[in-house]
Amino acid sequence: MKKTGKLVGNIFIGALILIVITAAAGLFYFKSYLPNTVAPRSFPQIDGEIQAEGLNAPVDIYRDAMGIPHIYATTAHDLFFAQGYVHAQDRFWQMDTWRHIGSGELSKMFGAGQVETDAFLRTLGWRKTAEAEWEALGPESRAVLQSYAEGVNAYLKDHSDTALSLEYAVLGLLSPEYEIEAWTPIHSLTWGKAMAWDLRGNMGDEIERAELLKVMPPEQVAQLFPDYPEDHPVIVNEMPVDVQMGNQGEAGLLNFDYSQLPLDHLSYNASLLDPVLGEIGDGIGSNSWAVSGALTDTGRPYLANDPHLGIQMPSIWYQIGLHCAEKSDECPFEAAGFSFAGVPGVIIGHNDKIAWGFTNVGPDVMDLFIEKVNPENPNQYEVNGEWVNFETYEEIIEVVGGEPVTITVKKTRHGPVISEAYGLLKNEGDPDDKEFIPFKDRSGVELPEQYVIALAWTALTPSTPFEAIWGFDKAQNWEEFREAARGFHVPAQNLLYADVEGNIGYQMPGDVPIRKNGDGTLPVPGWTDDYEWTGFIPFEEQPYALNPEEGYIVTANNQVNPWDYPYLITKDWDYGYRAQRIVEMIEGAPGKIDKAYIQSMHSDSTDLGAQALLPVWDEIDFKAATPNQAIALDMMQNWDFKAASDSQAAAIYQWFWWNLLQNTLNDELPERMQKNGGRAGGSPDFEVMRNLVKSPDDPFWDDKTTTSVVETRNDIYAVSLVETVEQLEKEHGKDPAKWPRWGELHTATFRNGTLGESGVSLIEDLFNRGAFETGGGKSIVNATGWDVGVSFEVDWLPSMRMIVDFSNLNDSLTVHTTGQSGHAYHPHYIDMAPLWADVKYYPMWWDRESIISDSEGHLVLKP
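Residues numbered from 1 in each chain as written. Predicted model: local features only at pLDDT ≥ 70, side-chain atom pairs only at ≥ 80, totals over all residues. Heavy atoms only, no water.

Asks: How should I be thinking about the overall build of the protein in this particular structure?
Replies: The number of helices and strands found in the protein is 27 helices and 31 strands. Burial analysis of the protein (863 residues in total) assigns 62% to the buried set. Long-range contacts, defined here as pairs at least 24 residues apart, represent 75% of the contacts in the protein between residues at least 6 apart. In the form shown here, the protein has an accessible surface area of approximately 31200 Å², with 49% of it arising from carbon and sulfur atoms. (Helix = DSSP H or I, 4+ residues; strand = E, 2+ residues; numbered from the N terminus. Buried < 20%, exposed > 50% of the residue type's maximum accessible area, 1.4 Å probe, protein only. Contact = heavy atoms within 4.5 Å. Areas by Shrake-Rupley, 256 points an atom, 1.4 Å probe, with all protein chains shown as cover.)

Asks: Just checking my understanding: could you explain the state of the cysteines for this structure?
Replies: Tallying each qualifying case throughout the model produces one disulfide. Here Cys324 connects covalently by a disulfide to Cys331, the sulfurs 2.0 Å from one another. Across the disulfide from Cys324 to Cys331, rotation about the S-S bond amounts to roughly -85°, and the bridge is consequently left-handed. Judged by relative accessible area, Cys324 falls into the buried class, the value being 3%. Judged by its relative accessible area of 1%, Cys331 is buried. (Disulfide = S-S within 2.5 Å.)

Asks: What am I meant to see in the packing of helix H7 (residues 139–158) against helix H14 (residues 466–474) here?
Replies: Relative placement of two packed helices is described by the angle separating their axes and the distance separating the axes. As a packed pair, H7 and H14 sit with axes 11 Å apart at the nearest point and diverge in direction by 90°. Taken together, H7 and H14 sit at an angle that is classed as roughly perpendicular. Taking contact as the criterion, the partners of Glu140, Ser141, Val144 and Leu145 in H7 are, on H14, Glu467, Trp470 and Lys474. Taken together, the residues that form the contact of H7 with H14 break down as three nonpolar, one polar and three charged. (Axes fitted to C-alpha atoms, helices over the stretch in contact; angles between N-to-C directions. Parallel < 35°, antiparallel > 145°, perpendicular 65-115°, else oblique. Nonpolar A, V, L, I, M, F, W, Y, C, P; charged D, E, K, R; others polar.)

Asks: Is there a simple way to explain the sheet that holds strand E10 (residues 354–360) in this structure?
Replies: The pairing of strands in a sheet comes from backbone hydrogen bonds and takes either a parallel or an antiparallel form. Spatial ordering of the open sheet is given by E1-E31-E2-E3-E7-E8-E9-E10-E17-E18-E22, a layout of 11 strands whose pairing is mixed. A single partner strand is all that each edge strand has here, and the edge strands are strand E1 (48–51) and strand E22 (544–546). On average, each strand axis in the sheet is inclined to that of its neighbour by 15°, with strand direction left out of account. In this sheet, strand E31 (residues 855–862) lies alongside E1 in parallel orientation, the contact comprising four bridges. (Pairing = 2+ DSSP bridges.)

Asks: I'm lost on empty space enclosed by the protein in this one. Help?
Replies: Over the atoms rolls a probe the size of a water molecule, and its path tells where empty space is left. Evaluated as defined, the whole model comprises 10 cavities of 30 Å³ or more. In this model, the largest cavity occupies a volume close to 220 Å³. (1 Å grid on protein atoms, 1.4 Å probe; cavity = no way out; pocket = protein on both sides within 12 Å on 5 of 7 lines; lining within 4 Å. Points joined across faces, edges and corners; volume = space filled by probe spheres on them.)

Asks: Even after reading the chapter, I still don't get the nonpolar core, so can you show me in this structure?
Replies: Looking at soluble globular proteins, one finds that nonpolar side chains tend to be buried together. Ranked by internal contacts, the top residues of the largest apolar core, which has 164 residues, are Trp457 and Phe472. It is helix H3 (residues 76–102) that provides the largest number of residues to this core, a total of 13 residues. Once residues lying within four places of it in the same chain are set aside, the contact partners of Phe472 are Asn351, Ile354, Trp356, Phe358, Phe481, Ala484, Ala485, Phe488 and Leu495. Core analysis: the second largest hydrophobic core is formed by 54 residues, Leu613, Leu633, Trp655 and Met673 among them. (Core = buried A, V, L, I, M, F, W, Y, C linked by side-chain atoms within 4.5 Å.)

Asks: I would appreciate a short explanation of the environment of Leu137 in the present structure.
Replies: By the element assignment, Leu137 lies in the loop between helix H6 (126–136) and H7. Taking the relative accessible area as the measure of exposure, Leu137 reaches 10% and is therefore buried. Note: C-alpha distance between Leu137 and Thr464 (327 residues apart in sequence) is 9.1 Å. Apart from the residues lying within four places of it in its own chain, the contact partners of Leu137 are Arg142, Leu145, Leu189, Thr464 and Glu467.

Asks: Help me out: how do you make sense of the pattern of salt bridges in this one?
Replies: If charged atoms from side chains of opposite charge come close, those side chains can pair. For the structure shown, the criterion picks out 39 salt bridges. Among the salt bridges present, the one from Glu211 reaches Arg672, with a minimum N-O distance of 2.5 Å. Pair noted here: Glu211 is in helix H10 (residues 203–212) and Arg672 is in helix H21 (residues 671–675), with a separation of 461 residues, a long-range link. Judged by relative accessible area, Glu211 falls into the buried class, the value being 3%. Counted as one network, the salt bridges with shared partners bring together Arg581, Glu584, Asp604 and Lys642. (Salt bridge = Lys/Arg side-chain N within 4 Å of Asp/Glu carboxyl O.)

Asks: For this particular structure, what's the right way to read unusual backbone geometry?
Replies: Glycine aside, residues mostly have negative phi angles, and peptide bonds mostly take the trans form. Between Met313 and the following residue, Pro314, the backbone shows a cis peptide bond with an omega angle of -5°. Counting through the fold element by element, Pro314 comes out in the loop between strand E6 (308–310) and strand E7 (318–324). Put simply, Val490 and Pro491 share a cis peptide bond, and its omega is 0°. Tracing the chain through its elements places Pro491 in the loop between helix H15 (478–485) and strand E17 (493–499). Of note, Asn384 is a non-glycine position whose phi angle comes to about 50°, a positive value. Relative to the assigned elements, Asn384 resides in the loop between strand E12 (377–383) and strand E13 (386–389). Judged by its relative accessible area of 42%, Asn384 falls in the partly exposed class. You will see that Asn557, though not glycine, has its phi angle at about 70°, which is positive.

Asks: What should I look at first to understand the side chain of Ser175 in this one?
Replies: Its place among the elements puts Ser175 in the loop between helix H8 (167–174) and helix H9 (185–198). Among all residues touching Ser175, those that are not within four sequence positions of it are Met109, Phe110 and Val400.

Asks: Hey, could you run me through the confidence of the model for the protein in this one?
Replies: In low-pLDDT segments, the atomic positions of the prediction should not be examined closely. A residue-level look at the protein finds 89% of positions with pLDDT of 70 or above and a mean pLDDT of 90. With pLDDT under 50 throughout, residues 1–7 is counted as low confidence; its partners more than four residues away or in other chains account for 22 contacts. (pLDDT = per-residue confidence, 0-100.)

Asks: Explanation requested: helix H20 (residues 648–665) in the structure shown.
Replies: In an α-helix, one turn spans 3.6 residues; hence positions three or four apart end up facing the same way. Spanning 18 residues, H20 covers 26 Å between terminal C-alpha atoms, matching the ideal 26 Å at 1.5 Å per step. Within H20, 17 of the 18 residues are buried, which leaves it mostly tucked inside the rest of the structure. The N-cap residue of H20 is Ser647: its side-chain oxygen and the backbone nitrogen of Ala649 are 3.5 Å apart. (Expected span 1.5 Å × (residues − 1). Polar contact = N/O pair within 3.5 Å; in protein donor to acceptor, adjacent residues only side chain to side chain.)

Asks: Just checking my understanding: could you explain a negative patch on the surface for this structure?
Replies: Taken together, Glu238, Glu549, Glu550, Asp564 and Glu587 make up a surface patch of like negative charges. Residue classification places Glu549 among the exposed residues on the basis of a relative accessible area of 78%. (Patch = residues over 30% accessible without salt bridge, like charges linked within 9 Å, V, L, I, M, F, W, Y side chains within 5 Å. Lys, Arg positive; Asp, Glu negative; His and termini not counted. Charge placed at Lys NZ, Arg CZ, Asp CG, Glu CD.)

Asks: Where do I start with the packing of H6 against H9 in this structure?
Replies: Packing of H6 against H9 brings their axes to within 8 Å, and their N-to-C directions diverge by 125°. When the axis of H6 is compared with that of H9, the two are oblique. Seen along the crossing, H6 lies across H9 with a hand that is right-handed. The segment H6 lies against H9, with Trp126, Arg127, Thr129, Ala130, Glu131, Glu133 and Trp134 engaging Pro185, Ile186, His187, Leu189, Thr190, Lys193, Ala194 and Trp197. (Left-handed = near helix turned anticlockwise from the far one by under 90°.)

Asks: I'm lost on the sheet that holds strand E29 (residues 813–816) in this one. Help?
Replies: Spatially, six strands are ordered E23-E4-E5-E28-E29-E30 in an open sheet, and the strand pairing comes out antiparallel. Each edge of the sheet is formed by a strand with only one pairing partner; in this case those strands are strand E23 (552–555) and strand E30 (842–843). The strands touched by helix H16 (residues 577–587) are strand E4 (287–291) and E23; relative to E23, the strand with the most contacts, the crossing angle is about 155°. In this fold helix H17 (residues 595–602) packs onto E4, strand E5 (302–306), strand E28 (800–805) and E29, with an angle of close to 160° to the strand it touches most, E28.

Asks: What is the right way to look at the packing of aromatic side chains in this model?
Replies: Each aromatic ring pair is summarised here by two numbers: the centre-to-centre distance and the angle between the ring planes. This structure, assessed with the given rule, holds 44 aromatic pairs. Taking the centre distance of 5.2 Å and the plane angle of 85° together, the rings of Tyr29 and Phe30 count as edge-to-face. Of the residues examined, Tyr29 reaches a relative accessible area of 21% and is grouped as partly exposed. Measuring from centroid to centroid gives 6.3 Å for Phe358 and Phe472, while their planes differ by 75°, and the two rings are edge-to-face. Placement of Phe358 in strand E10 and of Phe472 in helix H14 is noted, with a sequence separation of 114 residues between them. According to the relative accessible area criterion, Phe358 is buried, its value standing at 7%. Since its relative accessible area comes to 0%, Phe472 is described here as buried. Through a chain of ring-to-ring contacts, the aromatic side chains of Trp617, Phe622, Trp639, Phe641, Tyr653, Phe656, Trp701 and Tyr717 assemble into a single cluster. (Phe/Tyr/Trp six-rings, centres within 6.5 Å; stacked < 30°, edge-to-face > 60°.)

Next up, the structure:
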């Protein structure tokens, strides 16, 4: 259960009991009154005219059959004003929640249960960074944000509480003193920090490596973090010959004993944001590919994109069309695609000349620095032999229905101290606490007597990705696109490009640190300059490509750079299984590639991990002890490797994969990791297991819990199959015909991230929708994620799918996950989900005539 949901459930339960004391009245309230009477109050007006103070001229807003607004305005001010207005019409609860996350003000909305999360958010300082960004923006960017805020506030002026969203009816019982505030540009900017955290890169891997070094030698840790495989594709095969590049600092291995470094506090603090932003997984990233006209049926490029993000309700994306009625220098925007509710502009999509898509680079832009604290003065830390004062300031956390809480934030020269946001790290602990690890060093670099851990992260330096986004919205060619990309500092994205002239291109942007020493994979000493960042990879030397000779570009979070690239971007790439499969499909296309073929690529469920692991059975002399064991093995061995929703063999294999991975690795892991489910089963584990099966006697195969025998690969394969069949029989019966299909296990349920996780079914039923059967899985092109050791249920997914057709932009196709509306019980609340689950699409209208002919509403905003 997510922490935010527990908060809502625990506090709300008292009020709920009072209502349900009279059971009939309580059921009527939740089952009838709220859905039928209260919910429709928030449904937006989509026809007629509305007077909105602040506009320069009338604005036309057409809603197509999927509820997607297409805005036509005469000025840039009015365009973004109207975008703010329609965002507030459809998604204000989502916007309100997001701004409280970004500002570290969840307690102001949900009460005392969120003080801990707010304190960590204040420690990171997202709002302070956003305020500094606002001060540094030029007048054009400020005007965009201010116009948008005016539009949001124009809607708020005439709407409040349940007229904004059904959730406020429930929040009124939970936090009756909560008051909705006006929207400001800072609220938009803080969401850039939230997305940077969501796509933050390798901090979790850095902590995990250090934790693993407590229980296993470095050689085994290296096996769990293998190098990127040479037989999988990189995005840029070679840099242009005219690029002259510098050199990375020395990698330099640390002679440091991490076995005594207590990192549980860091893991816990970072996990505080999982309930509100979703857990980061090795599949969080995305697919995109561009195919040149030489390979397509139309002779023009196609660009496809499907960003993978945590499952949520409503969709993280808000689809929109933004059109200046007449493009000019004063009103240069004409774009369609996907936006964030709360932020002006189109994040991913196309304009009249170019299209662009994103996947996450995942560069190593976070480092953990161990800071030596003065034993005689805890307000000081060491820098090159001298004691200097921590930078400190107080943050006051407002708590709805309670007293304010004051915290003190500490910062070093590297960044905020995140190890002691809750609970100081101590030298002595409870002798009965088996999890406690004292502060002492046994070898290598000596740990200080007292220390804290600070976070260096590029996202805490003022810069907003949204200026680059607005540049993409206006760009008319590759040169203008690249110039806009120069300002995309964090979170670094693989920027895929195509245009009406037939070009396809790629650019990696972002602030990627150059380290004096080290490779960013482990925490490092911060009391000297030995591991400092000496600069960032220059934009001119970052990987890019234009019209590669292959005729296509594929990005799927795989390694970006050529093998001879001199700079370190990260050691923690996705291992390229999705990228490999996409390349296979492009190169193996039966003819010219068309939109139907790209759709089949989006839905591809080929499991390359299974292709590496199942043939091992040919080397194992397994004697089935029961008919069902033989049936299960036969089904797996004759499986087509497609994780299709209707495949029973896929379900058996994925269940076997769960057991195989846990039986191989879990006994080696620290107790905390075992309790959390162990390894999650994504691309790192695909690669780990692909390597391990080649060594049947590797120590990882031995089960440490059986001291009288040393197991081999064949033993673990056999026991994993036996366990799989036993579990299937226990849960689904002994008749194999009644064992589940993969889609029955692997379902997607879209849950409201706050009230939909309350633990109170009457509330959850108001907002949650599903379950929807799906195919696909981790490190599969149809990337519907799930976690081994936790559940087969989908926890992250392709958050939208887009195919841009440059032979005719009006023939482009798309879909996202839930629906355009954020209002429960609205016709567009969940109407996209069946299309999404079946990998089907609807038109991504571009021409005004098509939009009008398909429209279900025409609203005119007037000054």
